[in-house]
Amino acid sequence: MSKIIIFLGPPGAGKGTQAQLLKERNGFIQVSTGDLLREAVKNQTELGKLAKKYMDEGKLVPDDLIISLIKEKLQEYADKNIIFDGFPRTIPQAESLDNLLFQLDKNIDAVILFKIEDEEVVKRLAGRRVCPSCGAVYHVIYNPPKIDEICDKCGTKLIQRDDDKEEVIRKRLEVYHQQTKPLIEYYKSKIVEIDATDNPENIYNKIVSMI
Ligand code: AP5
């Protein structure tokens, strides 16, 4: 039976970093709504055009757009082990996911809650660099690439995300506390907490032992 894992936590908690490790080492499919939306923005699709203004302001993209994206991905990866990275982010998104999984006779196996303070998030995101080509994530101090500003995996020049400016980061944190945190109560029977300030390898080992 395939596994469905949800990564829940504030921006910059390390959800994407861990999802990539589980993808590379354990063959999970990483479904990151943030990555899917950035891809749509880059390709200037209808979804991308609608989503861009919300993302630039650090607000959530409307639920109906996100739910149709997820529906597509669940059909595409029906038999795979999936990590939802950054989804669901609202109660209506979580209810829709439950309905979609019910139709497919599937269940959520675990919800991993990444715990970290807001000020640490601000520090992390200000130093984050990402590869626009393969999506690898770095940090100028905590996880620098071997060659300055160049992706270790594919050699592309790294960039800073548009929404990693301090005022947008603070807005994203506010949105997390208001709209996403209620999911902790929603998923209380499935939540396992992780100290997201630990080093990435320790976090990875803990997650593997939990799932
Ligand atoms: P999204 O892309 O999902 O952003 P996010 O949730 O804000 O999360 P981040 O990608 O910022 O952080 P992360 O937890 O993945 O951390 P990372 O591993 O990169 O969403 C962007 C936007 O899209 C949203 O604002 C919204 O507009 C829209 N959106 C997306 N999904 C949506 C949805 N479901 N509904 C509505 N709208 C949606 O790590 C961060 C940094 O820390 C990196 O530099 C990394 O190298 C470093 N780091 C990682 N782990 C560690 C560690 N253990 N120790 C030290 N440094 C570490």
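Look a little higher up for the structure.
Since the model is a prediction, treat every value here as computed from it, not as a measurement.

(A) A look at the sheet that holds strand β7 (residues 191-195). Spatial ordering of the open sheet is given by β2-β3-β1-β4-β7, a layout of 5 strands whose pairing is parallel. With one partner strand each, in any of the chains shown, β2 (29-32) and β7 form the two edges of the open sheet. Taking each pair of neighbouring strands and ignoring which way they run, the sheet shows an average axis angle of 25°. Where strand β1 (residues 4-8) meets strand β4 (residues 110-115), 4 bridges bridge the pair, whose relative direction is parallel. Note that in β4 the partner of L8 across the bridge is L113.

(B) Examining the environment of G127 more closely. Looking at the element boundaries, G127 is found in the loop between α6 (118-126) and β5 (128-130). In the structure, G127 is positioned 61 residues away from I66 in sequence and 28 Å away in space, judged by C-alpha atoms.

(C) Representation of the pairing of β2 in the model. Here β2 shows two buried faces, one formed by I29 and V31 and the other by Q30 and S32. The pairing of β2 with strand β3 (residues 82-85) spans 4 bridges and is classified as parallel. Of the residues in β3, the one forming a bridge with V31 is F84.

(D) A look at the packing of aromatic side chains. Under the definition given, this model contains 3 aromatic pairs. Taking 5.0 Å as the distance between ring centres and 65° as the angle between the ring planes, the aromatic pair formed by F7 and F114 counts as edge-to-face. Here F7 is found in strand β1, whereas its partner F114 is found in strand β4, with 107 residues between them in sequence. With respect to class, F7 is no different from F114; both count as buried. Geometrically, the ring pair formed by Y186 and Y187 is edge-to-face, given 5.0 Å between the ring centres and 90° between the ring planes. Residue classification places Y187 among the buried residues on the basis of a relative accessible area of 4%.

(E) A look at the nonpolar core. Core analysis: the largest hydrophobic core is formed by 30 residues, its most contacted members being L37, I70, L74, F84, L97, I108 and Y187. For this core, the secondary structure elements donating two or more residues are β1, β2, α2 (33-42), α3 (46-56), α4 (63-76), β3, α5 (91-103) and β4. With 5 residues, the top contributor of residues to this core is α4. Look past the residues within four positions of L97 in its chain and what remains in contact with it is I6, I70, L74, F84, F87, P88, I108 and Y187. Grouped together as the second largest cluster of nonpolar side chains are 22 residues, L22, I83, I112 and I207 included.

(F) Main features of the site of the ligand. Every one of the 36 residues lining the ligand counts as a neighbour, but T17, K59, R89, R128 and R172 are closest to it. Within the backbone of G16, a nitrogen or oxygen atom sits 2.8 Å from an oxygen atom of the ligand. One of the side-chain N or O atoms of R124 is found 3.2 Å from a nitrogen atom in the ligand. Protein burial of the ligand: of its 1000 Å² of free accessible surface, 96% is covered by the chains. At the level of elements, α1 (15-26), α2, α6, β6 (137-139) and α9 (200-210) are the ones that each hand at least two residues to the shell around the ligand.

(G) Here's a closer look at the side chain of K73. With respect to the element layout, K73 can be found in helix α4. Note on K73: relative accessible area 14%, which makes it buried. Among the polar contacts made by the side chain of K73, one reaches the side chain of E76 at a distance of 3.1 Å. Here K73 is in contact with V31 and L36, once residues within four sequence places are set aside.

(H) Summary view of α6. Taken together, the buried positions of α6 are occupied by V121, V122, R124 and L125. For α6, the angular spread of buried residues about the axis comes to 170°, placing them on one side. Looking at the buried residues of α6, the elements they touch are β5, β6 and α7 (166-180).

(I) Looking closely at a nonpolar patch on the surface. Taken together, the side chains of V140, I141 and Y142 define a hydrophobic patch exposed on the protein surface, amounting to about 320 Å² of accessible area. By the secondary structure assignment, I141 is in the loop between β6 and α7. What makes I141 exposed here is its relative accessible area of 65%.

What counts as what
Residues numbered from 1 in each chain as written. Predicted model: local features only at pLDDT ≥ 70, side-chain atom pairs only at ≥ 80, totals over all residues. Heavy atoms only, no water. Pairing = 2+ DSSP bridges. Helix = DSSP H or I, 4+ residues; strand = E, 2+ residues; numbered from the N terminus. Axes fitted to C-alpha atoms, helices over the stretch in contact; angles between N-to-C directions. Buried < 20%, exposed > 50% of the residue type's maximum accessible area, 1.4 Å probe, protein only. Phe/Tyr/Trp six-rings, centres within 6.5 Å; stacked < 30°, edge-to-face > 60°. Core = buried A, V, L, I, M, F, W, Y, C linked by side-chain atoms within 4.5 Å. Contact = heavy atoms within 4.5 Å. Near = heavy atom within 4 Å. Polar contact = N/O pair within 3.5 Å; in protein donor to acceptor, adjacent residues only side chain to side chain. Areas by Shrake-Rupley, 256 points an atom, 1.4 Å probe, with all protein chains shown as cover. Arc of directions from axis to C-beta. Patch = residues over 30% accessible without salt bridge, like charges linked within 9 Å, V, L, I, M, F, W, Y side chains within 5 Å. Salt bridge = Lys/Arg side-chain N within 4 Å of Asp/Glu carboxyl O.

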